[in-house]
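Summary of structural features
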Amino acid sequence: MAFPHRPDAPELPDFSMLKRLARDQLIYLHLLEQLPGKKDLFIEADLMSPLDRIANVSILKQHEVDKLYKVENKPAVSSSEQLCFLVRPRIKNMRYVASLVNADKLAGRTRKYKVIFSPQKFHACEMVLEEEGVYGDVSCDEWAFSLLPLDVDLLSMELPEFFRDYFLEGDQRWINTVAQALHLLSTLYGPFPNCYGIGRCTKMSYELWRKLEEEEDGETKGRRPEIGHVFLLDRDVDFVTALCSQVVYEGLVDDTFRVKCGSVDFGPEVTSSDRSLKVLLNAEDKVFNEIRNEHFSNVFGFLSQKARNLQAQYDRRRGMDIKQMKNFVSQELKGLKQEHRLLSVHIGACESIMKKKTKQDFQELIKTEHALLEGFNIRESTSYIEEHIDRQVSPIESLRLMCLLSITENGLIPKDYRSLKTQYLQSYGPEHLLTFSNLRRAGLLTEQAPGDTLTAVESKVSKLVTDKAAGKITDAFSSLAKRSNFRAISKKLNLIPRVDGEYDLKVPRDMAYVFSGAYVPLSCRLIEQVLERRSWQGLDEVVRLLNCNELAFTDVTKEDKASSESLRLIMVVFLGGCTFSEISALRFLGREKGYRFIFLTTAVTNSARLMEAMSEVKA
């Protein structure tokens, strides 16, 4: 069962325009006009998949790109007279370019060098070229490619480093990229009449974007808005959802096989052959589109029913005469074969997921996660995590469970923190020590310090002082230590549904189905509540508990130009990454309420990627 959109659901904007725009800008502006003639192109590994979705090798070859090389640590053997480098703005890439240019100088060779930064160039990169003495030999340019449509309703900036750069290092350099991306969208698809947001990064990005709009005033004036609402959200407003194991099909595929840039490599264990297969996961895959948002327990039943239907269609040809057979072969057979191929791939993927999850005792893991979310049996859950560490199941998984325990419990009691940390370092190695420091700084794994007495003081103070002043005092306290307040938020927003009897996953009743009925994603609940109210009014207490007192905003314009259709189209912007579970939950909400959601994220993430971003030990 896919989520059939209601007949009155609004149409989605056509995002293929973004691809054409990016491709034309790269080819005509950067490769052709400024570097005529044959050239070799050096591409950074991170940009290979996104580039492939925009302009594949054959397109590049048509435009006089001779050879393609990967930017890596070994010297390049290129005989071309023109070298073009397509890279992210990183210091190590500049050192690489400089080493090539300097090697040529030593050999007495002169060629043309051009560096194209994507999505933008940073001053620091040019400084490095200057330090290395090659700034005058290299021409620099930027390719503002920051929006890749991965699906009809999903745009990704493909900046996985955004999360660590901002939420750990406090580095604000990508905020301009976000503002430029929003600016491009409002230029192409009309102004956004209603904007809501929560989080520090969100607020900065939003303000910068508004500045860009004012500078180029008049570009979107008079245009009819296509997208009625925009909701911006920082990842650190809701870490819990991103830390949970995913159980919708698309999320499980991502957790198990790693979806990269909208496609996944299925190995021999899925394809039942000796070859791997790269599969694009989007709405064009008819089989996948019907199961992507489903709870995994329903997927097998659906696929076997699909296989029976397919067989019945094949069997129809038995009683056909020649004319009917000719029609069948010319019109239906190709489609049936394609569907059959996709069906066998997804059945293979399901079997592979089942095998892996049975081996890991997935049920026990999910039970522990649900207990943590609900705040029951904390001692038992802690013992489960200790056993997980002692059995050395996986360093990333163990960290994830510790973070989930910490955030749901508002920090670990010092005794537990020390004990778990010691066991972890003894089990997985002392090189993980710096990772603990990172997790603490980001507020993912903290210990309840004397700061806890603050919450008691804070509650007394807030009784004495007016709400506004209490808010300011609370802000001062929360800046000392990021409190997660998950239990209180969960109660306020009713994140743990009370269910009489079994939760029916076949006919979900609310967004909690994406976590087997145990928990409604906090990020999605916030979006639902704000859209209902068209503001943050009545959510002051929640905003305070999220430590976002000055960081939640609403910006609503008069809706005279916005059609009723556009007002049911909502773009949700996740800064720091969003998970497939959140996407599935909001698709469900859209179907229930007659909205359509569009997702814009800095990158698609999951619990493992989050932990790896914080880890100082590279896998």
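Residues numbered from 1 in each chain as written. Predicted model: local features only at pLDDT ≥ 70, side-chain atom pairs only at ≥ 80, totals over all residues. Heavy atoms only, no water.

The chain is annotated in an unreviewed UniProt entry as Vacuolar protein sorting-associated protein 33B of Mustela putorius furo. Looking at the chain in UniProt, the text filed under Sequence similarities (unreviewed entry) is "Belongs to the STXBP/unc-18/SEC1 family." (UniProt positions renumbered as here; feature names shortened; annotations may be inferred.)

Let us look at the overall build of the chain. Per the secondary structure count, the chain includes 26 helices and 14 strands. Taking the contacts inside the chain whose residues are at least 6 apart along the sequence as the reference set, 79% of them involve residues at least 24 apart. As displayed, the chain offers around 28100 Å² of accessible surface, 52% of which is attributable to carbon and sulfur atoms. (Helix = DSSP H or I, 4+ residues; strand = E, 2+ residues; numbered from the N terminus. Contact = heavy atoms within 4.5 Å. Areas by Shrake-Rupley, 256 points an atom, 1.4 Å probe, with all protein chains shown as cover.)

Let's shift gears to the packing of aromatic side chains. On inspection of all chains with the given rule, the structure shows 25 aromatic pairs. Through a chain of ring-to-ring contacts, the aromatic side chains of Phe162, Phe163, Tyr166, Phe167 and Phe239 assemble into a single cluster. Over the face of the ring belonging to Trp209 we find Arg210, whose NZ or CZ atom lies 4.7 Å from the ring centre. Sitting above the plane of the Phe362 ring, Lys357 keeps its charged end 4.6 Å from the centroid. (Phe/Tyr/Trp six-rings, centres within 6.5 Å; stacked < 30°, edge-to-face > 60°. Lys NZ or Arg CZ within 6 Å of the ring centre and 35° of its normal.)

With that settled, consider the side chain of Ser535. When you line up the elements, Ser535 lands in the loop between helix H23 (522–533) and helix H24 (540–545). A distance of 3.0 Å separates a polar side-chain atom of Ser535 from the backbone nitrogen of Gln537. Excluding its chain neighbours within four sequence positions, the residues that come into contact with Ser535 are Tyr196, Val530 and Thr554. (Polar contact = N/O pair within 3.5 Å; in protein donor to acceptor, adjacent residues only side chain to side chain.)

On to the sheet that holds strand S2 (residues 65–71), then. With respect to topology, five strands assemble into an open sheet ordered S2-S1-S3-S4-S5, the strand pairing being parallel. A single partner strand is all that each edge strand has here, and the edge strands are S2 and strand S5 (138–142). Across the sheet, the axes of successive neighbouring strands diverge by a mean angle of 20 degrees, strand direction being ignored. Of the strand pairs in this sheet, strand S1 (residues 39–44) and S2 are connected by five bridges, and their pairing is parallel. Bridging from a neighbouring strand, Leu41 pairs with Leu68 of S2. Along the sheet, helix H2 (residues 45–54) contacts S1, S2 and strand S3 (82–87); its crossing angle with S1, the most-contacted strand, is approximately 110 degrees. (Pairing = 2+ DSSP bridges. Axes fitted to C-alpha atoms, helices over the stretch in contact; angles between N-to-C directions.)

Right, let's talk about the nonpolar core for a bit. Formed by 191 residues in total, the largest nonpolar core has its most connected members in Phe85, Leu185, Tyr249, Leu444, Met571 and Phe597. When near neighbours in sequence (up to four residues on either side) are disregarded, Met571 contacts Leu182, Leu185, Phe192, Ile227, His229, Val230, Phe231, Ile598 and Leu600. (Core = buried A, V, L, I, M, F, W, Y, C linked by side-chain atoms within 4.5 Å. Buried < 20%, exposed > 50% of the residue type's maximum accessible area, 1.4 Å probe, protein only.)

Mapped onto the elements, Ile396 comes out in helix H17 (residues 395–408). Residues Ile396 and Ala608, spaced 212 residues apart in sequence, show a C-alpha to C-alpha distance of 6.4 Å. Discounting chain neighbours no more than four positions away, the residues touching Ile396 are Tyr424, Ala608, Met611 and Glu612.

What follows covers the packing of helix H4 (residues 91–106) against helix H5 (residues 123–131). It is at 9 Å that the axes of H4 and H5 come closest, and there the two elements cross at 30 degrees. Our classification of the angle between H4 and H5 gives roughly parallel. Considering how the two elements wind past one another, H4 and H5 form a crossing that is right-handed. Contacts between H4 and H5 pair Ile91, Met94 and Arg95 from the former with Ala124, Cys125, Val128, Leu129 and Glu131 from the latter. Looking at the contact of H4 with H5, its residues break down into six nonpolar, no polar and two charged. (Parallel < 35°, antiparallel > 145°, perpendicular 65-115°, else oblique. Left-handed = near helix turned anticlockwise from the far one by under 90°. Nonpolar A, V, L, I, M, F, W, Y, C, P; charged D, E, K, R; others polar.)

Okay, the side chain of Thr382 next. Its location among the elements puts Thr382 in helix H16 (residues 378–390). Judged by relative accessible area, Thr382 falls into the buried class, the value being 2%.

What follows concerns the pairing of strand S9 (residues 229–234). Across the six residues of S9, six count as buried, placing the element largely inside the fold. Residues His229, Phe231 and Leu233 line one face of S9 and the alternating positions Val230, Leu232 and Asp234 line the opposite face, and both faces are buried. As paired elements, strand S8 (residues 194–198) and S9 share five bridges and run parallel to each other. Residue Ile198 lies in a different strand from S9, and its bridge partner there is Leu233. Here six bridges tie S9 to strand S13 (residues 569–575), and the two strands are oriented parallel to one another. Within the sheet, the bridge partner assigned to Leu232 lies in S13 and is Val573.

The next subject is the sheet that holds strand S6 (residues 148–151). In spatial order, the strands read S6-S7-S14-S13-S9-S8-S12; together these seven strands make up an open sheet with mixed pairing. Both edges of this open sheet fall to S6 and strand S12 (552–556), since each of them pairs with a single strand only. Neighbour-to-neighbour, the strand axes of this sheet turn through a mean angle of 20 degrees, independent of strand direction. This element, helix H8 (residues 200–215), spans S8, S9, S12 and S13 of the sheet and lies at about 135 degrees to S9.

Taken as a whole and judged by the stated rule, the model has 36 salt bridges. Lys306 serves as the salt-bridge partner of Glu290, at 3.1 Å between the closest nitrogen and oxygen. In this pair, Glu290 sits in helix H12 (residues 286–291) while Lys306 sits in helix H13 (residues 296–315), placing the two residues 16 residues apart along the sequence. Given the relative accessible area of 25%, Glu290 is considered partly exposed. We note a salt bridge from Glu528 to Arg525, for which the minimum N-O separation is 2.8 Å. A residue pair is termed a helical-turn pair when its members lie 3 or 4 positions apart in one helix, as Glu528 and Arg525 do in helix H23 at three residues. (Salt bridge = Lys/Arg side-chain N within 4 Å of Asp/Glu carboxyl O.)

Time to look at the environment of Ser58. With respect to the helices and strands, the residue Ser58 is situated in helix H3 (residues 57–62). At 3.0 Å, the side chain of Ser58 and the side chain of Asn56 are in polar contact.

Attention now moves to the environment of Leu336. The topology assignment puts Leu336 in helix H14 (residues 322–359). Looking at Leu336, the relative accessible area reads 4%, which means it is buried. Residues Leu336 and Leu310, spaced 26 residues apart in sequence, show a C-alpha to C-alpha distance of 7.2 Å.

A cis geometry characterises the amide bond from Ser118 onward to Pro119, with omega recorded as 0 degrees. Within the element layout of this structure, Pro119 appears in the loop between strand S4 (112–117) and H5. Even without a glycine there, the phi angle at Glu158 is positive, about 50 degrees. Tracing the backbone shows Glu158 in the loop between strand S7 (154–156) and helix H6 (161–167). In this structure, Asn494 takes a positive phi of about 55 degrees despite not being glycine. Summarising the element assignment, Asn494 is placed in the loop between helix H22 (486–493) and H23. With a relative accessible area of 45%, Asn494 lands in the partly exposed category.

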